[in-house]
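The chain contents come next:
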Amino acid sequence: MLLLLKKEWRQRKGDTFISKLEPIHWFAVLCVVLFLVCAPWATEWTQLWVWNNSQPYPWSVLSAHFAHWSWPHFWTNLCALITFLAIYGRYLSARSFVTYCLAIIISCDVYLHFAYERAFYLGFSSILYGLFSIAALIHFKTTKVISLAVIGFLIFKSLSQWLMPIDNNLYGIAVASDVHIVGMLTGVGLFIAITVKQARI
């Protein structure tokens, strides 16, 4: 009896907060680390990570999506990532989270390379638009009210930024609404691909 109690006490002692973290949480922590590495500590530092349309650094295909122009820009996207994980994190596997992020990044990078017209790009927003769109569509049945609100917000935000560019200068830099739309459409495309694949099974 004493041995069983001792064993149970050891198991409870080892059941720490860190041990309870799921793989998706570790990838979220990695995102936060990248946020901090590419954070706007100084103008010269930020310029190392942005996508420069005339002569982009090789690493900027990834780093530009985690860099931010100002601290309000940084905190807004970090809070949005936390909100996404709070709403949809329980439904996503680490593999799905990483796959979605990479697909959105690749899609946006292709757009930046071939069609983007501004001098430079940075920010996590396009990934957020893609993540929220695919998660809201895939998990609509289990989170109808929240997902409907998310879809409505994404459509309204995208159209308002696109049609009313005068209101886009919120963080000391013009909002790249076109890249946000690319991220959102990538999320929709991923949802369609997943739905078609499941229908064939």
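Residues numbered from 1 in each chain as written. Predicted model: local features only at pLDDT ≥ 70, side-chain atom pairs only at ≥ 80, totals over all residues. Heavy atoms only, no water.

Visitor: Explain the overall build of the chain here, please?
Guide: Within the chain one finds 9 helices and 2 strands. In the chain, the succession of α and β elements from N to C terminus is α-α-α-β-α-α-α-β-α-α-α. Sorting the 201 residues of the chain into buried and exposed places 39% on the buried side. Total accessible area on the chain is roughly 12,300 Å²; 70% of this is exposed by carbon and sulfur atoms. (Helix = DSSP H or I, 4+ residues; strand = E, 2+ residues; numbered from the N terminus. Buried < 20%, exposed > 50% of the residue type's maximum accessible area, 1.4 Å probe, protein only. Areas by Shrake-Rupley, 256 points an atom, 1.4 Å probe, with all protein chains shown as cover.)

Visitor: Just checking my understanding: could you explain the confidence of the model for the chain for this structure?
Guide: For the chain, the average pLDDT comes to 84, and 83% of its residues sit at 70 or higher. Mean pLDDT across the secondary structure elements of the chain bottoms out at helix 1 (residues 2–14), with 47, and peaks at helix 7 (residues 125–138), with 95. Long-range and interchain partners of residues 1–9, a stretch whose pLDDT sits below 50, account for 0 contacts in this model, where long-range means more than four residues apart. (pLDDT = per-residue confidence, 0-100. Contact = heavy atoms within 4.5 Å.)

Visitor: Looking at this structure, how should I read the nonpolar core?
Guide: The nonpolar side chains of a soluble globular protein tend to be buried with one another. Within the largest apolar cluster, 48 residues are counted, with the highest numbers of intra-cluster contacts made by Phe84, Tyr88, Phe97 and Leu131. The set of elements that each furnish at least two residues to this core consists of helix 2 (23–37), helix 5 (71–88), helix 6 (94–114), helix 7, helix 8 (144–163) and helix 9 (177–200). Other than its neighbours up to four places away in sequence, Phe97 contacts Ile24, Phe27, Ala28, Cys31, Phe84, Leu85 and Leu131. (Core = buried A, V, L, I, M, F, W, Y, C linked by side-chain atoms within 4.5 Å.)

Visitor: Teacher, can you tell me more about the packing of helix 6 against helix 7 here?
Guide: The geometry of a pair of packed helices is captured by two quantities: the angle between their axes and the separation between those axes. Interhelical geometry of helix 6 versus helix 7 gives an angle of 130° and a closest axis separation of 9 Å. In terms of orientation, helix 6 and helix 7 fall into the oblique class. Here helix 6 runs over helix 7; the crossing is right-handed. On the side of helix 6, the interface is formed by Phe97, Tyr100, Cys101, Ile104, Ile105 and Cys108, while helix 7 contributes Ser126, Ile127, Gly130, Leu131, Ile134 and Ile138. (Axes fitted to C-alpha atoms, helices over the stretch in contact; angles between N-to-C directions. Parallel < 35°, antiparallel > 145°, perpendicular 65-115°, else oblique. Left-handed = near helix turned anticlockwise from the far one by under 90°.)

Visitor: So what exactly am I meant to see when it comes to a nonpolar patch on the surface here?
Guide: There is a patch of nonpolar side chains on the surface, built from Trp26, Phe27, Val29, Leu30, Val33, Leu36, Val37, Trp41, Trp45, Leu48, Tyr57 and Trp59 and spanning about 1,100 Å² of accessible area. The element contributing the most residues to the nonpolar patch is helix 2, with 7 residues. The partly exposed category is assigned to Val29, whose relative accessible area is 40%. (Patch = residues over 30% accessible without salt bridge, like charges linked within 9 Å, V, L, I, M, F, W, Y side chains within 5 Å. Salt bridge = Lys/Arg side-chain N within 4 Å of Asp/Glu carboxyl O.)

Visitor: How do you make sense of the pattern of salt bridges when you look at a structure like this?
Guide: Here the idea is simple: oppositely charged side chains can pair when their charged atoms come close. Within the structure shown, the criterion is met by 1 salt bridge. Here Arg118 ties to Asp178 by a salt bridge, and the two come within 3.6 Å at their closest N and O atoms. Of this pair, Arg118 sits in the loop between helix 6 and strand 2 (120–121) while Asp178 sits in helix 9; the two residues are 60 residues apart in sequence, bridging distant segments of the chain. With a relative accessible area of 33%, Arg118 lands in the partly exposed category. Its relative accessible area of 22% is what places Asp178 among the partly exposed residues.

Visitor: I would appreciate a short explanation of the packing of aromatic side chains in the present structure.
Guide: For the structure shown, the criterion picks out 15 aromatic pairs. Plain terms: the ring middles of Phe66 and Phe124 are 5.4 Å apart, the flat faces sit at 45° to each other, and that makes the pair tilted. Taken together, the residues span a long stretch of sequence, with Phe66 in the loop between helix 4 (60–63) and helix 5 and Phe124 in the loop between strand 2 and helix 7 at a distance of 58 residues. The class of Phe124 is buried, set by a relative accessible area of 0%. (Phe/Tyr/Trp six-rings, centres within 6.5 Å; stacked < 30°, edge-to-face > 60°.)

Visitor: Help me understand helix 6, please; the structure alone is not making it clear to me.
Guide: Along an α-helix, a turn takes 3.6 residues, which lines up residues three or four apart on a common side. For helix 6, built from 21 residues, the straight-helix expectation of 30 Å at 1.5 Å per residue is met to within 8% by its first-to-last C-alpha distance of 30 Å. Burial in helix 6 covers these residues: Ala94, Phe97, Tyr100, Cys101, Ile104, Ile105, Cys108, Asp109 and Leu112. On an axial view of helix 6, the arc spanned by its buried residues comes to 160°, and they lie on one face. Set apart from the buried face of helix 6 by more than 90 degrees, the exposed residues are Arg95, Ile106, His113 and Phe114. (Expected span 1.5 Å × (residues − 1). Arc of directions from axis to C-beta.)

Visitor: Just to check I follow, could you spell out the state of the cysteines for this structure?
Guide: Should the sulfur atoms of two cysteines be covalently bonded, the bond is a disulfide. One pass over the full model with this rule turns up 0 disulfides. Its sulfur unpaired, Cys31 is 5.4 Å from the next cysteine sulfur, which belongs to Cys101. A relative accessible area of 7% means that Cys31 is categorised as buried. (Disulfide = S-S within 2.5 Å.)

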